[in-house]
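# Coordinates in review
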Amino acid sequence: MKKTYQELEKEKNFKQILILLKKKRYTTKLELSTKLGLSIPTVTKIINEMLEIGIVFEANLNESNGGRRALVFEFIPDSLLSVGVKLELDSLQIALINLDGKIIKRKFINKNFIGSLELINILSNEIEIFLFEIGILAEKVKGIGISIPGIVSDDGLVLKVGTNFKIYNLNFEELQTKFNCKVIIENEANAAALAEFENLITKKNKNILLISIGTGIGAGIIIEGTPYMGAQKRAGEAGHITLYPHGRKCNCGNRGCWEMYCSNTAIIEEFNKEFGNIKSLKDIFNRKIMETDKGKFLINLFSENLAIGIKDLLLIFDCDKIIISGEICNYSKYIKTNIENYIFKNDIFYQNENKRLEFSSYKEDANLIGAGLLTFKDFFIL
Ligand SMILES: [Zn+2]
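Residues numbered from 1 in each chain as written. Predicted model: local features only at pLDDT ≥ 70, side-chain atom pairs only at ≥ 80, totals over all residues. Heavy atoms only, no water.

For the rest of this paragraph, the subject is helix H11 (residues 293–317). Across its 25 residues, H11 extends 36 Å between first and last C-alpha, which sits within 8% of the 36 Å expected from 1.5 Å per residue. Asp318 sits one or two positions beyond H11 and adopts a positive phi of about 45°. (Helix = DSSP H or I, 4+ residues; strand = E, 2+ residues; numbered from the N terminus. Expected span 1.5 Å × (residues − 1).)

This next bit is on the sheet that holds strand S3 (residues 71–75). Across a sheet, strands are paired by hydrogen bonds formed along the backbone, either parallel or antiparallel in direction. Reading across the sheet, the three strands line up as S1-S3-S2 and stay open at both edges, with antiparallel pairing between neighbours. Where the open sheet ends on each side, the last strands, each with one partner, are strand S1 (26–27) and strand S2 (56–60). Here two bridges tie S1 to S3, and the two strands are oriented antiparallel to one another. Paired with Thr27 across the two strands is Phe73, which belongs to S3. Sheet contacts for helix H1 (residues 5–24): S1, S2 and S3; angle to S3, the most-contacted strand, approximately 85°. Lying over the sheet, helix H3 (residues 40–53) contacts S2 and S3, oriented at roughly 105° with respect to S2. (Pairing = 2+ DSSP bridges. Contact = heavy atoms within 4.5 Å. Axes fitted to C-alpha atoms, helices over the stretch in contact; angles between N-to-C directions.)

This paragraph deals with a nonpolar patch on the surface. The grouping of Tyr244, Phe297 and Leu301 at the surface amounts to a nonpolar patch, some 260 Å² of accessible area in total. If you trace the backbone, Phe297 turns up in helix H11. (Patch = residues over 30% accessible without salt bridge, like charges linked within 9 Å, V, L, I, M, F, W, Y side chains within 5 Å. Areas by Shrake-Rupley, 256 points an atom, 1.4 Å probe, with all protein chains shown as cover. Salt bridge = Lys/Arg side-chain N within 4 Å of Asp/Glu carboxyl O.)

Attention now goes to the pattern of salt bridges. Opposite charge on two side chains permits pairing when their charged atoms draw close. The full count for this structure, using the stated rule, is 19 salt bridges. The salt bridge involving Glu9 is made with Lys12; its shortest N-O contact spans 3.7 Å. With Glu9 and Lys12 both in helix H1 and three residues apart, this pair spans about one turn of that helix. Glu9 gets classed as partly exposed once you look at its relative accessible area, which sits at 26%. The partly exposed category is assigned to Lys12, whose relative accessible area is 46%. A salt bridge links Glu358 to Lys321; the shortest N-O distance between them is 3.1 Å. (Buried < 20%, exposed > 50% of the residue type's maximum accessible area, 1.4 Å probe, protein only.)

Geometric values such as these leave the question of function open.
This is the structure we're talking about:
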């Protein structure tokens, strides 16, 4: 149902107040009213609502100058909790996340999910065990957000296309019945973009492109503060843009896709071919490998390939920030300058605008955190 003008206004004010509260941690009605240009009755109404939900706590400020005591409202980040899940081809992570996007508890599970018919059952059992282990009742959880590499349905309940998982049209609705809370699945890059956007919101960046590098590559797009999903939620399948027209065969059926050269899987395979016994990024990014000529050559080629794709996307979106997320962020010192040089140096459009490119401060947790934040969607900008 379409929201009325009043409802939209109220939502906007609620979010504005929440953003300021999150930033300042303590505030007064007067400060909210002055800084946001809202009337005191409007602020009061929203603060009352927040008190009811428990997002804020009312405290008396100490009298320091003998004047009237001002009521101070404190932001309570743990007042709402959600479960964030990061599903990958060979592992599962479950985390308890608060309103700040902070991971309170987490658990790693190694398991192969490629073509798995048991995925929903495993997920359901593991979430149940996790909640039991950390002693949280399912009722206390606002919702469960699941980050997944693939294309999901509009209602966030069906994995329509999981190319690398080799799973299609998998419905997650039974989790909703079992845990009696909202369950949302989201493309992993979109989830990561949401986490980054929440992080950057006070810095006024409204156009963000997030490149999530994992077993594949995905892009999360935020335009003018709103996530852009495309006609069928297929926007941002950037891992399948063509880098080399006659290149390596990809799971999607095409050749030379970006992720065949720049995903973790691709880079590990490439270094393994040359050096042997390379199973993780950690095995690649160390002095023993990085100081060899072949190592330097391969990492330079990787940086160039990554930069070509990023540059194409930058030319289309002209975003304020391009953020790279994923485990690769732990090793940014080996690739950052290379990538910046390929994209920005001597470029007629984006000369020396290096600051547009960032590595995520959440690193490989951006999608896990974003998945958790998704279930708080009603309270946020997105
Ligand atoms: Zn492909």
